[in-house]
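# Structural overview for review
So the chains spell out like this:
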Amino acid sequence: FLDAVEMTYSKTKADELIAFRNEEIDLVLDIPVEEVDNVLSSLAEAKDGANPKHKVDSKSSMSVQYLGFNNAVAPFDDVSVRRAFNLAIDREAIVDTWLEGEGWVLGNGFVPKMPDYPNESIVGHAFDLLKARALLDEAGYKDRSKFPKIDLYVNAIEGSSSHKMAQGVVFSLKQNLGIDLNIILCSIDERDKFIEEGKAIFWRSGWVADYPDPENFLNIFLSSANGDLSNKSLNTFNYKNPEFNELFKLSRRELNREKRMEMLAKCDQMIIDDAVVMPMLTEDFVTMVNLRIRRFVSNELEQIDFSSIFIKEIN
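Thresholds, definitions, all that
Counting restarts for each chain, with residues numbered from 1 along the sequence as it is written. Where totals are concerned, whole chains, interfaces and linings use all residues; where local detail is concerned, this predicted model gives features only for residues with pLDDT of at least 70, and gives and counts side-chain atom pairs only at 80 or more. For side-chain calculations, the full set of non-hydrogen atoms in the structure is used, while hydrogens and water are omitted. Only one rule defines a salt bridge in this text: a Lys or Arg side-chain nitrogen within 4 Å of an Asp or Glu carboxyl oxygen. Helix and strand labels come from DSSP, where a helix needs a run of H or I of at least four residues and a strand needs a run of E of at least two; each type is numbered from the N terminus. Throughout this description, buried means an accessible area under 20% of the type-specific maximum (1.4 Å probe, protein chains only), exposed means over 50%, and partly exposed covers the range between. Only heavy atoms matter for contacts: two residues are in contact if any of them lie within 4.5 Å across the pair. To get an axis, fit a line to the C-alpha atoms, keeping to the stretch in contact for a helix; angles then go from 0 to 180 degrees between the N-to-C directions. In these notes the angle categories are as follows: under 35 degrees is roughly parallel, over 145 is roughly antiparallel, 65 to 115 is roughly perpendicular, and the rest is oblique. Put simply, a crossing is left-handed when the front helix is turned counterclockwise from the back one by less than a right angle, and right-handed when it is turned clockwise. For this scheme, ten residues count as nonpolar: Ala, Val, Leu, Ile, Met, Phe, Trp, Tyr, Cys and Pro. Four count as charged, namely Asp, Glu, Lys and Arg, and the remainder, Gly too, count as polar.

## Some remarks on the pattern of salt bridges
- One pass over the structure, following the stated rule, counts 13 salt bridges.
- The partner of Asp180 in a salt bridge is Lys149, and the shortest N-O contact between them spans 3.5 Å. A residue pair is termed long-range when its members are at least 10 positions apart, and Asp180 in the loop between helix H6 (161-177) and strand E6 (181-185) and Lys149 in the loop between helix H5 (129-141) and strand E5 (150-154) qualify at 31 residues.
- Classification of Asp180 as partly exposed rests on a relative accessible area of 35%.
- Here Asp180 makes a salt bridge to Lys174, at a shortest N to O gap of 3.0 Å.
- Taking the relative accessible area as the measure of exposure, Lys174 reaches 42% and is therefore partly exposed.
- Members of the salt-bridge network, linked through shared partners, are Asp213, Glu215, Arg252 and Arg260.

## Regarding the environment of Asp273
- Here Asp273 lies in helix H10 (residues 257-273).
- Asp273 sits 164 residues away from Gly109 along the chain, and the two C-alpha atoms are 9.6 Å apart.
- When near neighbours in sequence (up to four residues on either side) are disregarded, Asp273 contacts Val79 and Arg83.

## Focus on the packing of helix H9 (residues 242-253) against H10
- Contact pair H9 / H10: the axes reach a minimum separation of 9 Å and the direction vectors enclose 160°. One finds that H9 runs roughly antiparallel with respect to H10. Note on packing geometry: the crossing formed by H9 with H10 is left-handed. Taken together, the residues of H10 that come into contact with H9 (itself represented by Glu243, Phe244, Leu247, Phe248, Leu250 and Ser251) are Arg260, Met263, Leu264, Lys266, Cys267, Met270 and Ile271.
- Of the residues contributing to the contact of H9 with H10, the split by class is 9 nonpolar, 1 polar and 3 charged.

Written as structure tokens, this is what we have:
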């Protein structure tokens, strides 16, 4: 069994995969599609036994990636603008083209699929260019030159999947709505600081479940209007909907699981109807481990229990 775990960091995923191939490390987390070719050496080297024996595992992650709006600041204080942004992007095209197929579109709400949750009942943001343009016209931006210049803050490094997703969104909004956006790459601490200061009104973020329940995703939209249920540190969107708060509170008291899930699905639908954020995608949690690492198990919450792992060399 393990006496210790040593974590190392690489500047690029390619460097990390080379280290794995050289058996300098035993575990790789999150293998992006564009780096698959770097996992193994050439066919000739493989025939000579140059590749380490390994196992690749994939779980449907209970995680979401989204773009957030400050709902209290122009132009995003207008629900028509927020809806226009959501309807003007083809999420499938962004996943297929910009992310090379990496990820799954969040097409039925903010909450990803999970047991007993009626995702199919939630009507998400379908790509509708004509409606998106009409909504932006109604919001007073028929002359697109009047739309304010906005920065999109992305907590990622250049060339990462998060950066590419943001590039796909920016390209789509320019092409489909005639809106210019500027991407600012930053650290997560910088992004959070800019959001708190009100400098960032449009940003990229994500959420991984702390526990497998829709409540854990919808909790971040609670507002201070609900007293003990407020979560100001999580509701960075300045979203305030008393109806959402009340229904969410009732769902916490509901003992019938089916009814509770239906109530949470209605809360999810409110988030979509109010276009509080731009739900983008969920991902698979992909890991690769050297076969000498035994009892390695991951789960949908992207957790790994190192206490059960032991090492046994391969003959």
